[in-house]
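Read off the chains here:
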Amino acid sequence: MNPSPASPPPSGLEQVQREAFARQFMRMARIRIYMAPPTLILLLYFLVQEPAVWRKWLLGGLLGLYVAVEGIEIHHYLRRTPRQRLLFTYVIGVGLPIHWGMLLVTGGLEGPLTPVLLMVSFFVSLFTTTRGAWVLALLHVATLWGLAAVSFTGVVPDLLPQLYGGGARAGHNDALLLSHVTVLSVLVVYSAGGGSILRGIFQGMVKDALAARDETLRIHTEAIDTLTRLSGEIAHELKNPLASVKGLATLVARDVEGKPAERLAVLRREVDRMQEILEGFLNFSRPLLPLHEQRTSLEGLCRQVVELHEGMAGERGVGLRLFAERPVAVWCDPRKVMQVLINLVQNALEAAPRGSTVELVVLSVPEGGGRVEVRDQGPGIAPEVRGRVFEPGVTTKPQGNGLGLALARALARQHGGELELHPREGGGCVAELVLPAELPPQQARAEAMA
C-alpha cells in the first residue's frame, strides 16, 4: 500500500507561528533588559574587588561587549522593530561567547554563573529549530567539560577568584567535581529537550486550531453556497407563476369595474413587488456576470437615472437635481453602473422627506476616474445597522429584502471601485460611488470583491 500523502499545512500557519514567537521573544527580551542592571552592578562589584590584573582586563572587555549587546537589544525593543532574527543572532552569536568568557573569569565550573547555562539552553530552544537547540546544548556540554578540564589540569592556578577563596584547588575532591560536571551536562540536555518539546506542543496546538478554523470556514462556505443556490432556484421557479397571475389579473380587470377593478389593481401592484423581490434574489444568488465595459460619461448615466425617477420624485413631493462640475468619463459597464445608481437614487427618494431635494453630484477623482454622490436629507443611517448596511438581509425598510446595497457594492467592486455610505452634515445620508478611469486587472478586481 502506498502511504497516504501528508495533508498540507493550514493556511496562515507560518505567519501565526512567526507572530506568536516574535511576541514571546520580545517578552523574553524585556526580561533580559530588566535583569541587565542588577547583573551589571554585580559584575562591576566583582571587577572592583578582584586583584588579578588579567581577570580585570578580560572582565572589563567582556563587560563592554555585554553593554553593547544589551544596548542594541534595548534599542530595538523600544522602537518595537520586528527584528527577531537580528536580535536572536546577537544573543546567540555574541551573547553566548560573552557568557562563556564570564564563566571562565568568575571561577569556571565552580563559579556562580554556571547554572545559567540551564536557563539559556531551555529558552533558546523555544525560539530555534530542534537541530539548533541540540547543537547549542552540545556546545554548552562541551563548554562545561572544557571548564572541568581547566580545573582538573590547573592550567590557570588562580582560576577561582579571591572573592570566592581563590588559590589552587589543593584539597578539592575530583570525584565531586566530576559528578558536578556530569549532572550539569545532563541537565543542560534535558533543558534543551524540554524547550524543544514545548515548542513542538505549541506548534501542534496552533496547527490544530488553524485546521479547525479552515474546516469550519469550509463547512460554512458550503452551507452558504447551498442556500444561495437553493434560494436562486426557488426564486426562478416562482417567477413564471407570478407572471401568469399578473397576466390573468390584467385580463380579468378588462371585464370588471368599480371596487373589483381597484382590488385587481392592488393585486397587480403586489405581484410587481414580489417580482422585484425575486429579481433581487436572483441577482444576488447568481455570480456576477462578466462586464461589457466601455468609455462612458458618468454625467450622462446620472442624467438618465434622473429622467427615469422624475415621476417617482414628483409623486413623493421630492426634488431631484443633478450637479456636474465638468465632464467625467469612466471605463465601466453602463448597464451595471446604471443598476447601482438606480438603487441609490430609489433609496434616497424613499428616505427623503416631502419638500426636500435629492442631489446627484458628479465629481472627478484626482487619481483618475469619477465619483458620484447621492445626497438626501432623510433620517440618515439607523444606528442599529450603521456597521452592517452592506450585509445581505440587513434593512430598515418594512418591505425591503436587504439585498440592494449588498449587490450594488459587489458591482462597484467588480469595476475596481467602491461604494460607501456616510452621514451628511446637517442630517441625511451621502452614498458615494467611486469608479476608476480604467478597469484594473482581473486579479485585482477579484481581490477587491473578496
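Cut-offs and rules
- Residues numbered from 1 in each chain as written.
- Predicted model: local features only at pLDDT ≥ 70, side-chain atom pairs only at ≥ 80, totals over all residues.
- Heavy atoms only, no water.
- Salt bridge = Lys/Arg side-chain N within 4 Å of Asp/Glu carboxyl O.
- Buried < 20%, exposed > 50% of the residue type's maximum accessible area, 1.4 Å probe, protein only.
- Patch = residues over 30% accessible without salt bridge, like charges linked within 9 Å, V, L, I, M, F, W, Y side chains within 5 Å.
- Areas by Shrake-Rupley, 256 points an atom, 1.4 Å probe, with all protein chains shown as cover.
- Helix = DSSP H or I, 4+ residues; strand = E, 2+ residues; numbered from the N terminus.
- pLDDT = per-residue confidence, 0-100.
- Contact = heavy atoms within 4.5 Å.
- Axes fitted to C-alpha atoms, helices over the stretch in contact; angles between N-to-C directions.
- Parallel < 35°, antiparallel > 145°, perpendicular 65-115°, else oblique.
- Left-handed = near helix turned anticlockwise from the far one by under 90°.
- Nonpolar A, V, L, I, M, F, W, Y, C, P; charged D, E, K, R; others polar.

### Some words on the pattern of salt bridges
Part 1 of the argument: Evaluated as defined, the whole model comprises 12 salt bridges.
Part 2 of the argument: For arginine 371, the salt bridge is made with glutamate 373, and the minimal N-O distance between the two is 3.2 Å. In this structure, arginine 371 and glutamate 373 share a single accessibility class: buried.

### Side note on a nonpolar patch on the surface
Part 1 of the argument: Together, Ile197, Leu198, Ile201 and Met205 line one region of the surface with nonpolar side chains, adding up to about 410 Å² of accessible area.
Part 2 of the argument: Of note, leucine 198 is situated in helix H6 (residues 174-253).

### Concerning the confidence of the model for the chain
Part 1 of the argument: For the chain, the average pLDDT comes to 77, and 76% of its residues sit at 70 or higher.
Part 2 of the argument: Across the chain, the secondary-structure element scoring lowest on mean pLDDT is helix H12 (residues 442-449), at 47, and the one scoring highest is strand S5 (residues 370-376), at 92.
Part 3 of the argument: Across residues 1-5 the pLDDT falls below 50, and counting only partners more than four positions away or on other chains, this stretch makes 0 contacts in the model.
Part 4 of the argument: In this model residues 443-449 is a low-confidence stretch, pLDDT under 50, and it forms 12 contacts with partners more than four residues away in sequence or in other chains.

### A look at the packing of helix H8 (residues 298-308) against helix H10 (residues 334-351)
Part 1 of the argument: Relative orientation of the contacting elements H8 and H10 amounts to 50°, with a least axis distance of 10 Å. If you check the angle between H8 and H10, you find them oblique. At the point where H8 passes H10, the crossing takes the right-handed sense. Taking contact as the criterion, the partners of Leu301, Cys302, Gln304, Val305 and Leu308 in H8 are, on H10, Pro334, Val337, Met338, Leu341, Ile342 and Val345.
Part 2 of the argument: Residues that form the contact of H8 with H10 fall into these classes: 10 nonpolar, 1 polar and no charged.

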